[in-house]
Amino acid sequence: MKFGGTSLADLDRIRHVAGLVKRESSRGHEVAVVVSAMAGETNKLIAWTRDLSPLHDAGEQDAVVATGEQVTAGLLAIALSANGVSARSWQGWQVPVQTNATHGAARIESIDPALLNTRFAAGEVAVITGFQGVAPGNRISTLGRGGSDTSAVAIAAAVQADRCDIYTDVDGVYTTDPRIVAKARRLERIAFEEMLEMASLGAKVLQTRSVEIAMLHGVPVRVLSTFEPDGSGTLVCDEEDIVEKKSVTGIAYSRDEAKITLHRIPDKPGVAAAIFGPLADAGVNVDMIVQNVSEDGKKTDLTFTVSRTQLHRALEAIEKAAPAIGYRDVTHDASVAKISIVGIGMRTHPGVAQIMFGTLADKGINIEVISTSEIKVSVLIAEEYVELAVRALHAAYEMDA
Ligand code: ADP
Ligand code: ASP
Ligand code: MG
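A brief report on the enclosed structure follows.

So, how was this worked out
Residues numbered from 1 in each chain as written. Chains lettered and ligands numbered in written order. Predicted model: local features only at pLDDT ≥ 70, side-chain atom pairs only at ≥ 80, totals over all residues. Heavy atoms only, no water. Core = buried A, V, L, I, M, F, W, Y, C linked by side-chain atoms within 4.5 Å. Buried < 20%, exposed > 50% of the residue type's maximum accessible area, 1.4 Å probe, protein only. Contact = heavy atoms within 4.5 Å. Helix = DSSP H or I, 4+ residues; strand = E, 2+ residues; numbered from the N terminus. Pairing = 2+ DSSP bridges. Near = heavy atom within 4 Å. Polar contact = N/O pair within 3.5 Å; in protein donor to acceptor, adjacent residues only side chain to side chain. Areas by Shrake-Rupley, 256 points an atom, 1.4 Å probe, with all protein chains shown as cover. Nonpolar A, V, L, I, M, F, W, Y, C, P; charged D, E, K, R; others polar. Disulfide = S-S within 2.5 Å.

The next thing to look at is the nonpolar core. Leu 116, Ile 128, Met 195 and Val 221 are the most contacted members of the largest nonpolar core, which has 42 residues in total. If we skip the residues at most four places from it in the chain, Leu 116 touches Trp 90, Val 95, Ala 126, Ile 128, Ile 155 and Val 159. Within the second largest apolar cluster, 24 residues are counted, among which are Val 248, Ala 337, Ala 389 and Val 390.

The next subject is the pairing of strand β6 (residues 125-129). Most of β6 is tucked away, with five of its five residues classed as buried. Neither face of β6 is left uncovered, since the one carrying Val 125, Val 127 and Thr 129 and the one carrying Ala 126 and Ile 128 both have all their residues buried. The pairing of strand β2 (residues 32-35) with β6 spans four bridges and is classified as parallel. The residue bridging Val 34 from the neighbouring strand is Ile 128, located in β6. As paired strands, strand β3 (residues 87-90) and β6 are joined by four bridges and run parallel to one another. Paired with Ala 87 across the strands is Val 125, a residue of β6.

Near ligand 2, the surroundings consist of Ser 36, Ala 37, Thr 42, Glu 69, Phe 131, Arg 145, Gly 146, Gly 147 and Ser 148. Contact distances for ligand 2 include 2.9 Å between an oxygen atom and a backbone N or O atom of Gly 146. For ligand 2, the accessible surface in isolation is 260 Å², of which the surrounding protein chains cover 86%. Of the residues in the shell around ligand 2, the class split is two nonpolar, five polar and two charged.

In this structure, Asp 62 sits in helix α3 (residues 58-65). Once the C-alpha coordinates of Asp 62 and Thr 142 are considered, the two residues, 80 residues apart in sequence, prove to be 5.8 Å apart. Aside from chain neighbours lying at most four places away, what touches Asp 62 is His 103, Gly 104, Ile 140, Ser 141 and Thr 142.

What follows deals with the state of the cysteines. As enumerated under the stated definition, the model contains zero disulfides in all. Looking at the unpaired Cys 164, the closest cysteine sulfur is the one in Cys 237, lying at 15 Å. Take Cys 164: its relative accessible area is 4%, and that puts it in the buried class. Judged by relative accessible area, Cys 237 falls into the buried class, the value being 6%.

Here it is in structure tokens:
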């Protein structure tokens, strides 16, 4: 069972969560609980480290931000004990959850389930801090924002759990973010591949890496509401277990986008390599790319997108590589957003993208960049039209409740 920050935001909610855990354990199940920090805590902790020094050590940042989960794990263990349930808290290093050394975005490398298993056998509930682990050199590490989902699925895989239940503030995975589209519908099921795309394209209901691990290890994941825990939620499962394959299952959006355009680059072999090589070396993740055809056969423009947090770093890398690339000038725009339609049915239904382009055109929304894969189409538009675009597409694909 994993509980997010809103579900643990104060002591009353922690008591409520303890009740849900007790119910599960009294059904005769061995239970591991993974907790997030109280809502808002992680933001507060990050802000403190930045206030002191913008260029601080990433290891120390992790030492600070991992504390939010230590508090909720301890409190939930206390609430459980007070409720007559044998329980203890576990921090990442105590389990241990071993990660690599990429502080702030660490990847879990291994989890030893031995200690947890002996405690389960003794009838004890394990309350485990999400989001954190231990990196080489015995340093505390964190897994990136939303990382408790990943902790939960990875622990479920390590202890060979029958199920991983993600309890959150919505009662399942919806066709799109229910906070911006009131007519969004809850999905009974979603395929791992679709959930992976939805998550990586901006639907923060599950962290992307958690879906990857679930898919890799075949962990059945359910998304449920902490506040209406008796609903059926959404099952994230194999594609084969989904009967009705719609052309579009969901719509995701991301505001964490920035666009960079290089004007008048030479249209000759090696130029793309001269641009994207230095970006890769600088650790910048490039997402969408579009290159125009040159009118004169000599010069053209190239546009690509990066996350807003990496915009500065990307511009620095491009400016440094200017002599090798040979562009006239570079412009950027951080007020863009990406809208994506996702569905495994796209593989077999033709004309899916056309509905997207037509719908946006009808609303007068300009598409700046397009990218596609087998099961998704993404477009880059001006940020101010995000909500309008998502609502219009939701209606166009007949997903409105
Ligand atoms: P938690 O703190 O429990 O981890 P999050 O805030 O990380 O919760 O994730 C839940 C939120 O994800 C919801 O409140 C909702 O606004 C957002 N969300 C975005 N896209 C979707 C979607 N397709 N279905 C459900 N929730 C979504
Ligand atoms: N507390 C962490 C965050 O806010 C991890 C999580 O909630 O999943 O990102
Ligand atoms: Mg989350």
